[in-house]
Amino acid sequence: MNRKWIFFLVGIAYLILIVYGLYEVYTVEATLRVKEAPAIKPENKIAIAHTEIFGKLERPQVIFNHAKHEEVYKKEGCKTCHPEKESQTLFDFPKNIEKKDKTSVMNAYHDECIDCHKKRSGEKLKAGPVTCGDCHKEEEISSVLKYPVFEFDFYVHDKHVKKLKEKIGKDDCGLCHHSYDPEEEDEALRLVYEPGTEESCYYCHELGKKRGSELAAITRAAAKKGLSIRRASHLQCLNCHLKYKEEYLKKGDKEAVPTQCSKCHTGKYKTVAELEKVPRPDRDQKEKPFINIKDAKLKGVTFDHKYHETSSKTCRSCHHETLKACKECHDLVGKPEGNNINVARAYHDPFSEHSCEGCHNKKKSEKDCFGCHYNIGAMDVETMGPKKEACKICHSGEIKGSLSRPPLSIAKLDPEKVKKELKIKVLERQFEPAQFPHLDIIKKLVDISNKSKLANYFHKDMQTLCEGCHHQSRAEAEVQKDTPPYCRNCHAVAIDLQNLRKVRLLTAYHNQCMGCHDAMQLEKGSKLRSKEGDRCADCHKVKEKGPESITSLKNFPEDPWRSAWYGKMERQMEGN
Amino acid sequence: MDRRTFFKVMGSAAAGVAAGSLARPGACSAQGVFDANEFFGILIDTTRCIGCRRCEKGCAEVNYLITPDISERANQAIFKKKRKTSVNEYTVTNLYETEKGKVYVPWRCMHCNQPACHSACPVYALEKRETGHVTWDKRCIGCRLCMMSCPYDIPKHTFQETIATIQKCNLCYGRFLQGTVPGCVESCPTEALMFGTRRKLIEEGKRRIAQNPGRYINHIYGEFEVGGTSHLYLSAVPFEQIGLRTDLGLKHYPEYSLVYLSAIPFIAGLTPIAMLAIAHVVKMAKKDAKEEHHEEEKEKH
C-alpha cells in the first residue's frame, strides 16, 4: 500500500514539474529590443567607433561634435588637438597612439579627451563631460553617421585652376598633383612634380583595389604611409584651405574657402549634362586620335576623343589605371601589366565599364534606344559573328576630320514600298484587325536617332533603322524585290513542331510590338498602362462574336474518367 | 534466318509503316516529332507573360473544365488575389508586384523529376511517365497523401463528388500522345510558355540568359530545385518575389523517406530471425553450462 502511494505521489510531482516547465517556457516575454535608431544628420559631427580595431563595441559609439570644439579653440587653431609635421597639420586624433590595438587606442582617446575636459573645468571654463555615459550615449548605439563622398568634378577643378592663375600668374599644377617613383633611391626625390604627368588622385591613393604591377608598387607605398584617398585628400585640401582662409575672410568672402565638413560633403553631384560646358584640363591629348594597332586584323579607327571627354564625368571612366593610351598596356596578345587582357577585348568587352562596347551597351539600354536594341544582342567579338558592315563603321581605316553623318530623313522613302498604314489580320479569329501606323513609327525612330550623336554615327542609313523590326530579313527582301519583308515570310501561323524554338506569327507580332513598347516605356500597349483599362484594346478590338475555342484540337471524347480513357488508348498503342 | 523470324521482322516493319502515326511516345509519335526518349517540359518565361490568361482558357478547353472568363474586366478582379490551382483550374496566373514592376506568373504542377506525390501514392494512381508527365487516373482512392506530400501544394481533391479523387495538370498527356503541344502552350499569344524536351529547354533558357545580359536572374528555377522539375521558370526578379519557393532544397523529395522506408522490410523481416538466433545461442550456452556443471559435479562425486 505504502509503495503504491509513493509511486502515485512521484507521478503527480513529475506531472506538475512538466506543466510548470511548459508554463515557464511559454510565458517568457520576448526580450528583443528593436528600437528605431534616430537618424543623425552629419552636421559637422564625427562618429567615433573604430570597429576595425575594436570589433564589437562594449560601449555605444561616440558622436563627436567637431564644430563645437572648433568654436572654442578658434584662436589656438588646429594644433591644440591635431599633431603638426613640417608645417602641415596632420588630421589625426589622438596625437600619439602607441600601438594600434584595443587598449592603447582606447587609452589614447580617454587620456586626450578626459584630461582636457578636466583641465578646463579646473580652470573654471566651460568644459565637456568626464563620465562614461555622457559621451558614450546609449541612444546613439545604432545610429549611422556617414558623410556623402565629395566629388572633385571638372567644374571644381576648373575653379581651382582659375583662382590659382589669378594668385600666382601662371599654371602650377604641382601644388596638388605629384608623381611617385618607388625605384628612386633618394627618398627626398621620390615624390616630385613633373609637368604633363598629372593624373587623378584615385589611381594611387585608392587603396584596397586590385591594380596592375606598376601601380601596385605605388599604392603599396601609399598604404604604408596610411595615405588612403580619404586621408590624402583631407591633408591636401584642408591644409591649403586653412592657409588661405584668413586671407579670404579679411576680404569678407566667407564662402570661398570652406573648411567645415558639411560645406564640401553636400551629397549633391553634378550630372554629365551640367558638366558638358566646363572645359576639360589640357594634357596635350589629341582631339581626334587615329587608333591603329600594328599587325591587327582590322583597320584603324578614328576616335573622337574630345567628344568622349565631355560625355563622361571623369577621365577615370575610361582610363581606369593611368592616363596612358590603351595600347600601352593592352597589346595583341595581352601583357601582364594589362592584366593579360588583349587589345581587342579591352575595346570590345561587352560588360566592362571601361571598354567602348561596354559603355555603348549601357547607352543602348537607355529608354529610347532599348526598344530596338533589347532584341539585338550585344556585339561581342568572341561569341557572336557580327555583320561585317557593322565593324566597318568604326574600323574604316581613314583619318577623318569630322565624325558626324548627315541626319537621316524619311523624304527619300518610296511610298509604294513603305506603306503609310498597315492592317494586321493575324488575330482575325478573335479580334478586329490591328491598325499599324508604319510611317509614324519610322518617323519617331528617325527623330530619336537624329537626336543622339552615338545613334547618328552608327545608324549609317535607313536600312539600319529598318532592321530594328525587320531583323534578319535583309537577304530575303533583296531577293524578292517586289514583296515587302513580311513577318510571315519566316514565321509560320501554326506552331512549328519541327522547330519549337522558332516563334509563330502571332508570337512574333506580340513579342516584337509589346517588347518594344515595354522597353521604350510607351504609354500605349505597354506594361505601364496595364494598371487599368484594356491592354489588348490598345491595338485591336475584341470581336463581338469570337470563336468558342482557342485551341486547335478538340479530339478527345467527353468522359468523366479521362484517365481511364488515356489508359485505354495506351493499351491500344501497345497492341500495335 | 528462318521463316518464322522473317515474318516477324517483316510484320513488325509493316506495322511500323502503317501505324507510324500511332507509335508510342518515346520511340516515335503521331507526326514523328516527339521522338526523344526523355523528359518533356515547359519553359515559362515570366518576362514574356502579359497576363492574358489564355493559357487558363486553353487548359480548360482541352481538359473539359469550366471555361474561365478572360475578359479584361474579369482579369482585373481576379489578379487582386493570389490563387492556387483547383479541380477546375489546373493552371492559374498570378500577378506579383515586384521591384521591376508587375510580373505575371503562370502556376501549375511542376512535374518533378522524382515526384513526391508518386512516391506517396499507395495505389500508383499518380504515375511518372517515361516522357516526364506526372499523370493521375481512376485508381485513386482519395486518401490525399499526395496532397500532403507535394511541396508545391498542387494536387486537389474533388470534395464535391461522392467518390473523391485527385486532379491536377498532367501536362496534356493525351494531346502529347497525339503529337501535339499542351493546350496552354498552344493558346499562349507570346510564347511565354515553350514546350520541348527538358534538356533543350534548359539549353534555350541558358541561351536567353546569356544573350540578354541583365534581363534575367542567372538561374533557371526548376533546373535543380527538388531534384529537377519539368516546368522551368525564367525570371527578371528573385524567385521569392514571384511566389516560387526557394527553401525547398535541391534533394528530390522521395529521397528523404527512402532510407527509412527501404529499411523497413529488412528490419521487419530480419528481427524475428535475429531474435531466434540470439535465443538459440543463449539456449545453447545455458545448455553447455549446465552440462559442464553436471560433469563437474559428477567428477566431484
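Predicted model, so just to flag it, every value in this text is computed and none were measured. (Residues numbered from 1 in each chain as written. Chains lettered and ligands numbered in written order. Predicted model: local features only at pLDDT ≥ 70, side-chain atom pairs only at ≥ 80, totals over all residues. Heavy atoms only, no water.)

Engineer: Would you explain the overall build of chain A in this entry?
Structural biologist: Helices and strands together make up the secondary structure of chain A, namely 21 helices and 10 strands. Looking at the 576 residues of chain A, the share that counts as buried comes to 25%. Relative to all contacts within chain A whose residues are 6 or more apart in sequence, the contacts with residues 24 or more apart total 52%. (Helix = DSSP H or I, 4+ residues; strand = E, 2+ residues; numbered from the N terminus. Buried < 20%, exposed > 50% of the residue type's maximum accessible area, 1.4 Å probe, protein only. Contact = heavy atoms within 4.5 Å.)

Engineer: What is the right way to read the confidence of the model for chain B from this model?
Structural biologist: The predicted coordinates ought not to be read in detail in places where the model reports low pLDDT. All names here are of chain B. Considering every residue of chain B, the mean pLDDT works out to 82; 88% of them sit at 70 or more. Per-element confidence in chain B is highest for strand E9 (residues 231-234), whose mean pLDDT is 94, and lowest for helix H1 (residues 3-18), whose mean pLDDT is 44. Confidence drops under pLDDT 50 across residues 5-32; counting only partners more than four residues distant or on other chains, this segment forms 37 contacts. Model confidence for the complex is summarised by a pTM of 0.71, with the ipTM given as 0.71. (pLDDT = per-residue confidence, 0-100.)

Engineer: Can you help me understand the packing of helix H6 (residues 154-168) of chain A against helix H9 (residues 229-251) of chain A in this one?
Structural biologist: Each pair of packed helices gets described by two things: the angle between the helix axes and the distance between those axes. All names here are of chain A. Across the interface, H6 lies against H9 with an axial gap of 15 Å and an inter-helix angle of 65°. The handedness of the crossing between H6 and H9 is left-handed. From H6, His 160, Lys 163 and Lys 167 reach across to H9, where they touch His 241, Tyr 244, Glu 247 and Tyr 248. Classifying every residue of the contact of H6 with H9 gives two nonpolar, two polar and three charged. (Axes fitted to C-alpha atoms, helices over the stretch in contact; angles between N-to-C directions. Left-handed = near helix turned anticlockwise from the far one by under 90°. Nonpolar A, V, L, I, M, F, W, Y, C, P; charged D, E, K, R; others polar.)

Engineer: Looking at this structure, how should I read a negative patch on the surface?
Structural biologist: Side chains of Asp288(B), Glu291(B), Glu292(B), Glu295(B), Glu296(B), Glu297(B) and Glu299(B) sit close together on the surface and give a patch of like negative charge. Here Glu295(B) falls in the partly exposed class, since its relative accessible area comes to 48%. (Patch = residues over 30% accessible without salt bridge, like charges linked within 9 Å, V, L, I, M, F, W, Y side chains within 5 Å. Areas by Shrake-Rupley, 256 points an atom, 1.4 Å probe, with all protein chains shown as cover. Salt bridge = Lys/Arg side-chain N within 4 Å of Asp/Glu carboxyl O. Lys, Arg positive; Asp, Glu negative; His and termini not counted. Charge placed at Lys NZ, Arg CZ, Asp CG, Glu CD.)

Engineer: Honestly, the packing of aromatic side chains in this entry has me stumped. Any pointers?
Structural biologist: Two numbers describe a pair of aromatic rings. These are the distance of the centres and the angle of the planes. Residue and element names in this part refer to chain B. One pass over the structure, following the stated rule, counts 13 aromatic pairs over all chains. Plain terms: the ring middles of Phe 40 and Phe 176 are 4.8 Å apart, the flat faces sit at 65° to each other, and that makes the pair edge-to-face. Here Phe 40, found in strand E1 (residues 40-45), pairs with Phe 176, found in helix H6 (residues 173-177); they are 136 residues apart in sequence, far enough to count as distant. Side by side, Phe 40 and Phe 176 carry an identical accessibility label, which is buried. With a centroid separation of 5.4 Å and an interplanar angle of 85°, the aromatic rings of Tyr 253 and Tyr 256 are classed as edge-to-face. (Phe/Tyr/Trp six-rings, centres within 6.5 Å; stacked < 30°, edge-to-face > 60°.)

Engineer: Sorry, what's going on with helix H8 (residues 213-224) of chain A here?
Structural biologist: With 12 residues, H8(A) extends 17 Å between its outermost C-alpha atoms, agreeing within 8% with the 16 Å of an ideal straight helix rising 1.5 Å per residue. Buried residues in H8(A) make contact with strand E5 (179-180) and helix H7 (201-205) of chain A. (Expected span 1.5 Å × (residues − 1).)

Engineer: Teacher, can you tell me more about a nonpolar patch on the surface here?
Structural biologist: A cluster of nonpolar residues, Tyr14(A), Leu17(A), Ile18(A), Leu22(A), Val25(A) and Tyr26(A), forms a patch on the protein surface that exposes about 710 Å² of accessible area. Tracing the chain through its elements places Val25(A) in helix H1 (residues 2-26).

Engineer: Just to check I follow, could you spell out helix H8 (residues 198-211) of chain B for this structure?
Structural biologist: For the α-helix, the turn length of 3.6 residues means that residues three or four positions removed from each other point alike. All names here are of chain B. With 14 residues, H8 should cover 20 Å at 1.5 Å per step; its first-to-last C-alpha distance of 20 Å lies within 8% of that length. Taken as a whole, H8 has its buried residues at Arg 198, Leu 201, Ile 202, Glu 204, Gly 205, Arg 208 and Ile 209. Looking straight down H8, one finds that the buried residues subtend no more than 160° of arc, so they occupy a single side. Tucked into the core, H8 has its buried residues touching E1, strand E8 (193-197) and E9. (Arc of directions from axis to C-beta.)

Engineer: Explain the pairing of E1(B) here, please?
Structural biologist: Remark: a regular strand shows side chains that alternate across the two faces of the sheet. Residue and element names in this part refer to chain B. E1 sits mainly inside the fold: six of its six residues count as buried. Every second residue of E1 is oriented toward a common face, with Phe 40, Ile 42 and Ile 44 on one face and Gly 41, Leu 43 and Asp 45 on the other, all of them buried. Summarising the sheet, E1 and E8 pair through five bridges and their orientation is antiparallel. Across the sheet, Ile 44 pairs through a bridge with Leu 193, a residue of E8. (Pairing = 2+ DSSP bridges.)

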